[in-house]
Amino acid sequence: MTRVIISGCNGRMGRNVSRICGENDDMAVVAGVDLYGVALDAYPVFTEFAKVDVPADVVIDFSNAAALEAILDYCVKNRLPVVLCTTGYSDEQLELIKETSKVIPIFRSFNMSIGINLLTDLIKKAVSVLGDGYDIEIVEKHHNKKKDAPSGTALALAESINHAMADAYSFVYDRSDRFEQRRPKEIGISAVRGGSIVGEHEVIFAGTDEVITFTHTAYSRAIFAKGAIAAAAFLSRQKKGLYNMQDVIA
Ligand SMILES: NC(=O)c1ccc[n+]([C@@H]2O[C@H](COP(=O)([O-])OP(=O)(O)OC[C@H]3O[C@@H](n4cnc5c(N)ncnc54)[C@H](O)[C@@H]3O)[C@@H](O)[C@H]2O)c1
């Protein structure tokens, strides 16, 4: 039985993790942490990590980037592995995650869905076949409550394309201040926000006489919660280090 603390337990994703853990005989949620410290299930909810006094095996975080330092502090003190699913971290925070993974096991993925991780592999293959003769644009769509833009997934997709192109590409988020043709070696990234869209990512390779488009659509947040729970089960068996979804799939 893996004992889980859910950080951001009262949010949309936290509720999904809570529900799916409840359906899983190998997982038990023993506590939650949320700014709005209201207990909605059978486990206690604390308003901050410093107050948590319940033994656990792993933390799953779907809260806010601002919570990172407190989560890592708690996990280091208690030698607990942590699955970081929150997006919108600064470069300094990403560096802190890397440094802290020298002490405890940390899992971080820009997107917890297995489908998106497959999409990443497919676009790397597309880049190796198509070369630089195609203009690449990424369009992501999310619900109107999402605060960060572009999504962590869109950025990670762009980074993996750029990496496959020997880091020769630059990212363009806004063309409104330009009055010029599209330059080669650019990856355009656009964000759409509206309604209750769970998450859509489209990677477009636009050539002279053809367009190739890869699309991933998430219809329910449950796919991210299931991925986070699989990652937690995996991480609770690992030594210190930084892990991602490719490690879980492998
Ligand atoms: N990696 C992925 O696959 C993936 C998928 C979905 C969402 N996310 C990310 O997960 C995060 C949460 O998403 P959501 O849709 O559940 O958001 P949400 O706003 O519905 O829930 C966030 C919860 O965290 C709590 N919270 C905020 N700041 C906190 C803090 N400092 N300490 C403790 N609790 C705090 C809020 O009270 C809220 O209940 C976002 O960053 C989102 O982008 C990642």
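Residues numbered from 1 in each chain as written. Predicted model: local features only at pLDDT ≥ 70, side-chain atom pairs only at ≥ 80, totals over all residues. Heavy atoms only, no water.

Across soluble globular proteins, nonpolar side chains have a tendency to be buried as a group. Ranked by size, the top nonpolar core spans 31 residues in total, and within it Val 17, Ile 60, Phe 62, Val 83, Phe 107 and Met 112 carry the most contacts. Listing elements by their share of this core, those giving two or more residues are β1 (2–7), α1 (12–22), β2 (27–33), β4 (58–61) and α6 (222–235). Per-element tally for this core: the top contributor is α6, with nine residues. Not counting residues within four places of it along the chain, the set of residues in contact with Phe 107 comprises Val 82, Val 83, Leu 84, Met 112, Ala 231, Leu 235, Tyr 243, Asn 244, Met 245 and Val 248. Core analysis: the second largest hydrophobic core is formed by 23 residues, Val 54, Leu 72, Leu 80 and Ile 97 among them. (Core = buried A, V, L, I, M, F, W, Y, C linked by side-chain atoms within 4.5 Å. Buried < 20%, exposed > 50% of the residue type's maximum accessible area, 1.4 Å probe, protein only. Helix = DSSP H or I, 4+ residues; strand = E, 2+ residues; numbered from the N terminus. Contact = heavy atoms within 4.5 Å.)

Looking at the element boundaries, Arg 221 is found in the loop between β11 (211–218) and α6. Despite its burial, Arg 221 pairs with no opposite charge, the nearest such side chain being Asp 148 at 11 Å. Those residues within four positions of Arg 221 in sequence are excluded, and the remaining contacts are Arg 12, Met 13, Asn 16, His 143 and Val 198. (Lys, Arg positive; Asp, Glu negative; His and termini not counted. Salt bridge = Lys/Arg side-chain N within 4 Å of Asp/Glu carboxyl O.)

A separate point is the environment of Pro 55. Of note, Pro 55 is situated in the loop between β3 (45–46) and β4. With 25 residues separating them along the chain, Pro 55 and Leu 80 place their C-alpha atoms 9.8 Å apart. With residues near it in sequence (within four places) discarded, Pro 55 still touches Arg 3 and Val 30.

Taken together, 21 residues sit near the ligand, with Arg 12, Met 13, Asp 34, Thr 87 and Met 112 positioned nearest. One nitrogen or oxygen atom from the main chain of Gly 11 is found 3.1 Å from an oxygen atom belonging to the ligand. Here the ligand has 860 Å² of accessible area as a free molecule, and 81% of this is covered by the chains. Tallied by class, residues from the shell around the ligand come to nine nonpolar, nine polar and three charged. (Near = heavy atom within 4 Å. Polar contact = N/O pair within 3.5 Å; in protein donor to acceptor, adjacent residues only side chain to side chain. Areas by Shrake-Rupley, 256 points an atom, 1.4 Å probe, with all protein chains shown as cover. Nonpolar A, V, L, I, M, F, W, Y, C, P; charged D, E, K, R; others polar.)

The subject of this paragraph is the packing of helix α4 (residues 114–130) against helix α5 (residues 152–164). Between α4 and α5, whose axes approach to 9 Å, the crossing angle comes to 30°. Here α5 runs roughly parallel to α4, going by the angle between their axes. Considering only the axes of α4 and α5, their crossing is right-handed. Between α4 and α5, the residues in contact are Ile 116, Leu 119, Thr 120, Ile 123, Lys 124 and Val 127 and Thr 153, Leu 157, Ser 160, Ile 161 and Ala 164, respectively. Considered class by class, the residues forming the contact of α4 with α5 number seven nonpolar, three polar and one charged. (Axes fitted to C-alpha atoms, helices over the stretch in contact; angles between N-to-C directions. Parallel < 35°, antiparallel > 145°, perpendicular 65-115°, else oblique. Left-handed = near helix turned anticlockwise from the far one by under 90°.)

Let us now look at the environment of Ile 204. Relative to the elements of secondary structure, Ile 204 occurs in strand β10 (residues 199–206). A sequence separation of 19 residues divides Ile 204 from Ile 223, and the C-alpha atoms of the two residues are 24 Å apart. With residues up to four places along the chain from it excluded, the contact list for Ile 204 reads Asp 135, Ile 136, Glu 137, Val 139, Val 211, Ile 212 and Thr 213.

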